[in-house]
Amino acid sequence: ADAFPDDGPTVLIVDIDGANPGSTVRRAVEAGLVVLEIGSVANRERAVAAIAAGAVGWIHKTSSLDVLADAARAAASGRLQMSEQKRAQWLAEHRS
């Protein structure tokens, strides 16, 4: 099985259905963490705010543990968890 890199960044998985995910993500990014968010489709506004605050991607809450682990490994390796086009769309939505 693939392991998380020992010398890679720490990945924080934030449940955006909780209180003020944008602030949590911003503080974590400022502390040098890589942030991956999980949440439900119903909280799109919170998901967009977390991406704007620096989260590298969004995974649906009902995703399997394998999908979540793969996403965390990819985030630790510096790969975004959403397309640049989708990220740009979400950021534009946040600014409007």
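Fair warning: this is a prediction, and the values are worked out from it, not measured in the lab.

A. Main features of the nonpolar core. One finds Val-25, Val-35, Ala-55 and Trp-90 to be the most contacted residues of the largest nonpolar core, which totals 14 residues. Elements that contribute at least two residues to this core include exactly α1 (21–30) and α2 (44–52). The element best represented in this core is α2, accounting for four residues. Sequence-distant contacts of Val-35, defined by excluding residues within four places in its chain, comprise Leu-12, Val-14, Val-25, Ala-28, Val-29, Ala-55, Val-56 and Gly-57.

B. Just the pattern of salt bridges, in detail. Under the definition given, this model contains three salt bridges. We note a salt bridge from Lys-61 to Asp-15, for which the minimum N-O separation is 3.2 Å. Taken as a pair, Lys-61 in the loop between β3 (57–60) and α3 (65–76) and Asp-15 in strand β1 (residues 11–15) lie far apart in primary sequence, 46 residues in all. Between Asp-17 and Lys-61 there is a salt bridge whose closest N-O contact spans 2.6 Å. Of this pair, Asp-17 sits in the loop between β1 and α1 while Lys-61 sits in the loop between β3 and α3; the two residues are 44 residues apart in sequence, bridging distant segments of the chain. Judged by relative accessible area, which is 38%, Lys-61 ranks as partly exposed.

C. How the structure looks around the pairing of strand β2 (residues 34–39). Among the six residues of β2, six are classified as buried, and the element is accordingly described as predominantly covered. Side chains Val-34, Leu-36 and Ile-38 project from β2 onto one buried face, and the interleaved Val-35, Glu-37 and Gly-39 project onto a second face that is buried too. Both β1 and β2 contribute to a ladder of five bridges, which runs parallel. Looking at the pairing, Ile-13 lines up with Leu-36 of β2. As paired strands, β2 and β3 are joined by four bridges and run parallel to one another. The residue of β3 that forms the bridge with Ile-38 is Ile-59.

D. Local environment of α1. Within the span of α1, buried status applies to Pro-21, Gly-22, Ser-23, Val-25 and Ala-28. Where α1 is buried, its residues touch β1, β2 and α2. Directly beyond the C-terminal end of α1, a positive phi value near 95° is found at Gly-32.

Each value, and the rule that gives it
Residues numbered from 1 in each chain as written. Predicted model: local features only at pLDDT ≥ 70, side-chain atom pairs only at ≥ 80, totals over all residues. Heavy atoms only, no water. Core = buried A, V, L, I, M, F, W, Y, C linked by side-chain atoms within 4.5 Å. Buried < 20%, exposed > 50% of the residue type's maximum accessible area, 1.4 Å probe, protein only. Helix = DSSP H or I, 4+ residues; strand = E, 2+ residues; numbered from the N terminus. Contact = heavy atoms within 4.5 Å. Salt bridge = Lys/Arg side-chain N within 4 Å of Asp/Glu carboxyl O. Pairing = 2+ DSSP bridges.

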